[in-house]
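Observations on the three-dimensional arrangement
So you can see what is in the structure, the chains are spelled out below.
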Amino acid sequence: MALEGRCMGCRKNREMRDVNLSKTKRGTFMAKGTCTKCGTKMARILSVTQAEEFKKKQKEVSK
Ligand SMILES: [Zn+2]
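Here's what I pulled together on the structure shown here.

1. Quick look at the nonpolar core
- Counting 7 residues, the largest nonpolar core consists of Cys-7, Met-16, Phe-29, Ala-31, Cys-35, Met-42 and Leu-46.
- Of all the secondary-structure elements, those providing two or more residues to this core are strand E3 (29–35) and strand E4 (41–46).
- A per-element tally of this core places E3 first, with 3 residues.

2. Re the sheet that holds strand E1 (residues 3–7)
- If you trace the 4 strands from one edge of the open sheet to the other, you get E1-E2-E3-E4, paired in antiparallel fashion. Because the sheet does not close on itself, it has two edges, and the strands there are E1 and E4. On average, adjacent strands in this sheet sit at an angle of 45 degrees to one another, irrespective of strand direction.
- Inspection of the sheet shows strand E2 (residues 12–23) paired to E3 by 6 bridges, in the antiparallel sense.

3. Quick look at the pairing of E2
- Both E1 and E2 contribute to a ladder of 5 bridges, which runs antiparallel. Bridged to Leu-3 within E2 is Met-16.
- The antiparallel hairpin formed by E1 and E2 contains 4 residues in its connecting segment, where Arg-11 sits at a positive phi of about 60 degrees.
- Connecting E2 to the next strand, E3, in antiparallel fashion are 5 residues, including Gly-27 with a positive phi near 95 degrees.

4. Considering the environment of Asn-13
- As for its position among the elements, Asn-13 is in strand E2.
- Judged by C-beta crowding, with 11 C-beta atoms within 10 Å, Asn-13 ranks as exposed.
- A sequence separation of 22 residues divides Asn-13 from Cys-35, and the C-alpha atoms of the two residues are 9.2 Å apart.
- Asn-13 has contacts with Glu-4, Gly-5 and Arg-6, leaving out every residue within four places of it along the chain.

5. Side note on unusual backbone geometry
- With phi around 60 degrees, Arg-11 is a residue other than glycine that occupies positive phi space.
- Locating Arg-11 in the fold gives a position in the loop between E1 and E2.
- Even without a glycine there, the phi angle at Asp-18 is positive, about 55 degrees.
- Its location among the elements puts Asp-18 in strand E2.

About the cut-offs
Residues numbered from 1 in each chain as written. Predicted model: local features only at pLDDT ≥ 70, side-chain atom pairs only at ≥ 80, totals over all residues. Core = buried A, V, L, I, M, F, W, Y, C linked by C-beta atoms within 7 Å. Buried ≥ 20, exposed ≤ 12 C-beta atoms within 10 Å, placed from the backbone. Helix = DSSP H or I, 4+ residues; strand = E, 2+ residues; numbered from the N terminus. Pairing = 2+ DSSP bridges. Axes fitted to C-alpha atoms, helices over the stretch in contact; angles between N-to-C directions. Contact = placed C-beta atoms within 7 Å.

Just distances and angles here, no functional claims.
Shown next, in the form of structure tokens:
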């Protein structure tokens, strides 16, 4: 499932793979994944809305 984030390795926005969502104490979500290009670990803050959308898409893919 594609989700973009800022890669510190490429210094560009890249797609993340192996994304894991976790909830933060503030109620937002943290998406952690790996850069598809260079393999650097990436993290990105998602709003609740973005996280819900991402989960929905993930479910559709796994059907
Ligand atoms: Zn990268």
